[in-house]
Amino acid sequence: MGIFVIYWVIAVLLFVIGIVQVIIKAVNNQPVKSGLKLIIASVVMLVIGAGACAVILSNLKIGH
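Summary of the structure given here. Computed from a predicted model, the values in this text were never measured in an experiment.

Brief notes about the overall build of the chain
Scanning the chain from terminus to terminus reveals two helices and zero strands. The C-alpha atoms of the chain give a radius of gyration of 16 Å, which is well past the 11 Å a tight globule of 64 residues would have. Overall size of the chain, expressed as C-alpha extent along the three principal axes, is 60 × 15 × 15 Å. A buried classification covers 12% of the 64 residues belonging to the chain. Within the chain, contacts between residues separated by at least 24 positions form 50% of all contacts whose residues are at least 6 apart in sequence. Total accessible area computed for the chain in this model is approximately 5000 Å², and 80% of it derives from carbon and sulfur atoms.

What follows is the structure in structure tokens.
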């Protein structure tokens, strides 16, 4: 269960770091490609993680 928490923390950190990089580099008129890559990676992790959680939760028999 702890690995799921670590996974979500990493996804959030990638997203926040990517947003900060995009903002800082946009202000300085530098290419923002590396920040966009981090944002895309975090969104992919979000989709995969949400799918994995849905599969895990769909297999639980709660109350029935």
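Some points on the packing of helix α1 (residues 2-27) against helix α2 (residues 33-58)
Any two packed helices are characterised by how steeply their axes cross, that is the angle between the axes, and by the distance between the axes. Interaxial distance between α1 and α2 falls to 8 Å at its minimum, and their mutual angle equals 155°. Between α1 and α2, the crossing angle belongs to the class labelled roughly antiparallel. α1 and α2 meet at a crossing whose hand is left-handed. For the contact of α1 with α2, a count of residues per class yields 19 nonpolar, six polar and one charged.

Details of a nonpolar patch on the surface
Taken together, the side chains of Val12, Phe15, Val16, Ile19, Val20, Ile23, Ile24, Val27, Val43 and Val47 define a hydrophobic patch exposed on the protein surface, amounting to about 850 Å² of accessible area. Those elements that provide at least two residues to the nonpolar patch are α1 and α2. With eight residues, the top contributor of residues to the nonpolar patch is α1.

Some remarks on α2
With 26 residues, α2 extends 37 Å from end C-alpha to end C-alpha; this agrees with the ideal 38 Å at 1.5 Å per step. Of all the residues in α2, the buried ones are Gly35, Ile39, Ser42, Met45 and Gly49. In this fold, the buried residues of α2 make contact with α1.

A few points about the packing of aromatic side chains
This model, assessed by the stated rule, comprises one aromatic pair. Measuring from ring centre to ring centre gives 5.8 Å for tyrosine 7 and tryptophan 8, while their planes differ by 85°; the resulting arrangement is edge-to-face. For tyrosine 7, a relative accessible area of 24% corresponds to the partly exposed category.

Here is what the cut-offs are and how they apply
- Residues numbered from 1 in each chain as written.
- Predicted model: local features only at pLDDT ≥ 70, side-chain atom pairs only at ≥ 80, totals over all residues.
- Heavy atoms only, no water.
- Helix = DSSP H or I, 4+ residues; strand = E, 2+ residues; numbered from the N terminus.
- Rg over C-alpha atoms; globule rule 2.2 N^0.38 Å.
- Buried < 20%, exposed > 50% of the residue type's maximum accessible area, 1.4 Å probe, protein only.
- Contact = heavy atoms within 4.5 Å.
- Areas by Shrake-Rupley, 256 points an atom, 1.4 Å probe, with all protein chains shown as cover.
- Axes fitted to C-alpha atoms, helices over the stretch in contact; angles between N-to-C directions.
- Parallel < 35°, antiparallel > 145°, perpendicular 65-115°, else oblique.
- Left-handed = near helix turned anticlockwise from the far one by under 90°.
- Nonpolar A, V, L, I, M, F, W, Y, C, P; charged D, E, K, R; others polar.
- Patch = residues over 30% accessible without salt bridge, like charges linked within 9 Å, V, L, I, M, F, W, Y side chains within 5 Å.
- Salt bridge = Lys/Arg side-chain N within 4 Å of Asp/Glu carboxyl O.
- Expected span 1.5 Å × (residues − 1).
- Phe/Tyr/Trp six-rings, centres within 6.5 Å; stacked < 30°, edge-to-face > 60°.

Everything listed here is a matter of coordinates, which is why it stays silent on function.
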